[in-house]
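What follows is each chain in one-letter form.
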Amino acid sequence: MRNALKLGRRMADQNVTRKLAAILAADVAGYSRLMGEDAGGTLVALRQLRRELLEPLVSNHRGVVIKRMGDGWLIEFGSVVDAVTCAIEIQKGLAEQKTIQLRIGVHLGDIVHEDEDIYGDGINIAARLQEMAAPRGVVISDAVRRSIDGKLSAGFTDLGAQELKNIAEPVAAYGWGSSASARTDAARRARQPISTKLSIAVLPFNNLSNDLEQEYFSDGMAEDLITDLSKIPNLSVAARNSSFAFKGQMPDIREVGEKLGVAFVLEGSVRKMGERLRINAQLINTVDGNHLWAERYDGNLTEIFEFQDKITSEIVSALELILTPSDLAHTKRRRTASVEAYDLYLKGRMNYFRYSPNDNLNARKQFERAIALDPNFAEAHSYLSCCFTNAWLFMWPGFDEGLIGGLEWANKGVDLDSDSAIAHTRLAWVYLFLREHDKSISMFEKALSLDPENAEVRVYFAESLNFCGDPNAAIKHLEAAFRLDPFCPPSWLFMLGHANFLLRRHDEAISLIQQSIERLPDFLVARLFLACLCAETDRGSEAAEQIKAVLKTAPHYTLRQADRVYPYRNDTDRNRFLDGLREAGLPE
């Protein structure tokens, strides 16, 4: 379960509350597969499960949801009997459900509340028990079994002492339902290969530098290795969003393999101290946890490109992939020959993804400095174009050139690297907001022909198709993107909601957009569309609440600005959107 396990946290802080509690950890079995097969249907089913089954049962048994992730929950109970009863009733309630299956673990132990976070062995053991549970099953610890002995009639099967990752002592476990044979099921799953195709995930590299500000460098290393490995034929590489869902964790490699559907994982660390650099990397089999290859690289910062090439070559060798000379040349194409320009580019990319006015301005300066050092640095040009586009969209200062500046830099990026799908995507995105819809679609089609497995290309193409009036085609691209990258950001859920909005599937659109807002409360665009949907479905008070939230984030936002930004090709779609916002109460 993502983000459930947090070890080595500060235990002596004054702002902590400790107590003994029963913790129920629940996780969706096969979440990545479900999202890949039908992202929209899965998300709707999850929302229905939460509202109609899980939350009412938790409330009835006096539980409190203390953390909710995309595919799981952590729930605290004051009574062990309540926790176990609730777990069993949830699984019984899902008996007729065909889409969602849960694994549930329950443990009684110490937990620590610190500000808005929670951790401790009570959490960790519950999460590990959940991992070993079979779908539709419940696994409890011995501490829980002793507490319910003689109080519940439900029968639990002794599963024996279990070695749990990062837990010092074995934990005696007991299974109910399909988890009565959890040991056998776990052994069977471990023996089965995750995929018959060679597949790999690159986890975020750990930053071992003393300076936390060096995080941009370790993240950049992992991101660029993802890009480099994606160029290798016959190798499927997990997308960045999915791999980075494990950032800041100590995940079990087998769990990563199951959740991402990959047979191998590359993990590592980076220590950058002035001009000195140390990189550790290891390639691990997700089925048995064995290391196929491991290496340490020590040298100067100027050797960074050589180290990246060596890591890629070692992976190719370890996986026994056969590459042609052309393939090898393609994987070793340099982004830039300047280490200083590359460092500035990584800093700029970090600032760009923070999505704030000041960070966007800092990103512009860093990309411009990188380009001054290397005028042929294509990716720096493409990202600089994005800075201009975002500034125009959100009316951020420091970009007086507006979309014309974005168009200039995007064109330059394509000219410098005509084989880059992302460069073509950046240019297509600018054309969309310039309302040159045909040019936008043509450029997206070119990007897709260059890299059909790139989820980012597909989602931006999908949103462009939404504004061009073809939501059915948009949904097909979004479903493909969800298959490629199941751990999607909130914006992708919104885009799928936008397509359903255009198709007048109100319930589905509202559900998807609400979920995007739950994950990103300041998502202004999503709140505007939710306000429109609420107005159309006679939920006037809810529509007004969404407009209130918009104006809290952007006090001077008006209908005129919405009309300026959203590039609908068809007047019917444009007028429907503006009329809904007007009815919801957005000022003219």
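Within the chain, the regular secondary structure consists of 24 helices and 14 strands. Evaluated residue by residue, the chain yields a buried proportion of 57% over its 588 residues. Taking contacts inside the chain between residues at least 6 apart in sequence as the whole, the part at least 24 apart equals 66%. Carbon and sulfur atoms make up 47% of the accessible area of the chain, which totals about 25300 Å².

A few words now on the pattern of salt bridges. In this structure the tally under the stated criterion is 29 salt bridges. Between Arg103 and Glu258 there is a salt bridge, with its nearest N and O atoms 3.4 Å apart. Pair noted here: Arg103 is in strand 4 (residues 102-114) and Glu258 is in helix 8 (residues 253-260), with a separation of 155 residues, a long-range link. By relative accessible area, Arg103 is classed as buried at 7%. Of the charged contacts, one joins Glu456 and Arg426 as a salt bridge, the two residues approaching to 2.9 Å between their closest N and O atoms. Taken together, the residues span a long stretch of sequence, with Glu456 in helix 17 (residues 455-468) and Arg426 in helix 15 (residues 421-433) at a distance of 30 residues. The exposure class of Glu456 is partly exposed, given its relative accessible area of 27%. A single network of salt bridges, built from pairs that share partners, joins Arg47, Arg50, Glu55 and Glu518.

Among the nonpolar cores identified, the biggest contains 115 residues, and Val106 and Tyr566 are the most heavily contacted of them. Beyond its immediate sequence surroundings of up to four residues, Val106 is in contact with Ile23, Leu24, Ala83, Val84, Ala87, Leu129, Val138, Val139, Ile140, Ser141 and Val144. In terms of nonpolar packing, the next biggest core, distinct from the first, is built from 54 residues, Phe217, Ile226, Val339 and Leu384 among them.

Right, let's talk about unusual backbone geometry for a bit. One non-glycine residue, Arg435, lies in the positive phi region at around 65°. Tracing the backbone shows Arg435 in the loop between helix 15 and helix 16 (437-450). With a relative accessible area of 34%, Arg435 lands in the partly exposed category. One non-glycine residue, Asp538, adopts positive backbone phi at about 60°. Following the sequence through the fold, Asp538 ends up in the loop between helix 21 (524-536) and helix 22 (540-553).

As a further point, take the packing of helix 17 against helix 18 (residues 471-484). At a closest axis distance of 8 Å, the pairing of helix 17 and helix 18 adopts a crossing angle of 160°. The orientation of helix 17 relative to helix 18 falls into the category roughly antiparallel. The chirality of how helix 17 crosses helix 18 is left-handed. Between helix 17 and helix 18, the contacting residues are Ala455, Arg458, Val459, Phe461, Ala462, Leu465 and Asn466 on the first element and Pro471, Ala473, Ala474, His477, Leu478, Ala480, Ala481 and Leu484 on the second. Broken down by class, the residue content of the contact of helix 17 with helix 18 amounts to 12 nonpolar, two polar and one charged.

Where burial is concerned, most of strand 12 (residues 264-273) is hidden: seven out of the 10 residues are buried. Two strands pair when backbone bridges link them, and strand 9 (residues 199-202) and strand 12 are joined in this way by three bridges, in the parallel orientation. Along strand 12, the bridge assignment pairs Ile200 with Phe264. Where strand 10 (residues 206-207) and strand 12 come together, two bridges link them in parallel fashion. Bridge pairing links Asn207 to Val270 in strand 12. Summarising the sheet, strand 12 and strand 13 (residues 276-285) pair through 10 bridges and their orientation is antiparallel. Note that in strand 13 the partner of Lys272 across the bridge is Leu277. Between strand 12 and strand 13, which follow one another and run antiparallel, lie two residues, and Gly274 among them has a positive phi close to 65°.

Turning to the environment of Leu159, a few remarks are in order. When you line up the elements, Leu159 lands in strand 7 (residues 157-162). Once the C-alpha coordinates of Leu159 and Val139 are considered, the two residues, 20 residues apart in sequence, prove to be 8.9 Å apart.

Its 13 residues place the ends of helix 21 19 Å apart at the C-alpha level, agreeing with the 18 Å of an ideal helix rising 1.5 Å per residue. Most of helix 21 is tucked away: 12 of the 13 residues are buried. In this fold, the buried residues of helix 21 make contact with helix 19 (490-502), helix 20 (506-519), helix 22 and helix 24 (571-584). Note on helix 21: the residue one or two positions beyond its end, Asp538, has a positive phi of about 60°.

Okay, helix 22 next. With 14 residues, helix 22 extends 20 Å from end C-alpha to end C-alpha; this agrees with the ideal 20 Å at 1.5 Å per step. Within the span of helix 22, buried status applies to Ala543, Gln546, Ile547 and Val550. Buried residues of helix 22, seen end-on, are gathered within an arc of 95° and therefore sit on one face of the element. For helix 22, the exposed residues set more than 90 degrees away from the buried face come down to Ser541, Lys548 and Lys552. Each element contacted by the buried residues of helix 22 is listed here: helix 20, helix 21 and helix 24.

The rules behind each value
Residues numbered from 1 in each chain as written. Predicted model: local features only at pLDDT ≥ 70, side-chain atom pairs only at ≥ 80, totals over all residues. Heavy atoms only, no water. Helix = DSSP H or I, 4+ residues; strand = E, 2+ residues; numbered from the N terminus. Buried < 20%, exposed > 50% of the residue type's maximum accessible area, 1.4 Å probe, protein only. Contact = heavy atoms within 4.5 Å. Areas by Shrake-Rupley, 256 points an atom, 1.4 Å probe, with all protein chains shown as cover. Salt bridge = Lys/Arg side-chain N within 4 Å of Asp/Glu carboxyl O. Core = buried A, V, L, I, M, F, W, Y, C linked by side-chain atoms within 4.5 Å. Axes fitted to C-alpha atoms, helices over the stretch in contact; angles between N-to-C directions. Parallel < 35°, antiparallel > 145°, perpendicular 65-115°, else oblique. Left-handed = near helix turned anticlockwise from the far one by under 90°. Nonpolar A, V, L, I, M, F, W, Y, C, P; charged D, E, K, R; others polar. Pairing = 2+ DSSP bridges. Expected span 1.5 Å × (residues − 1). Arc of directions from axis to C-beta.

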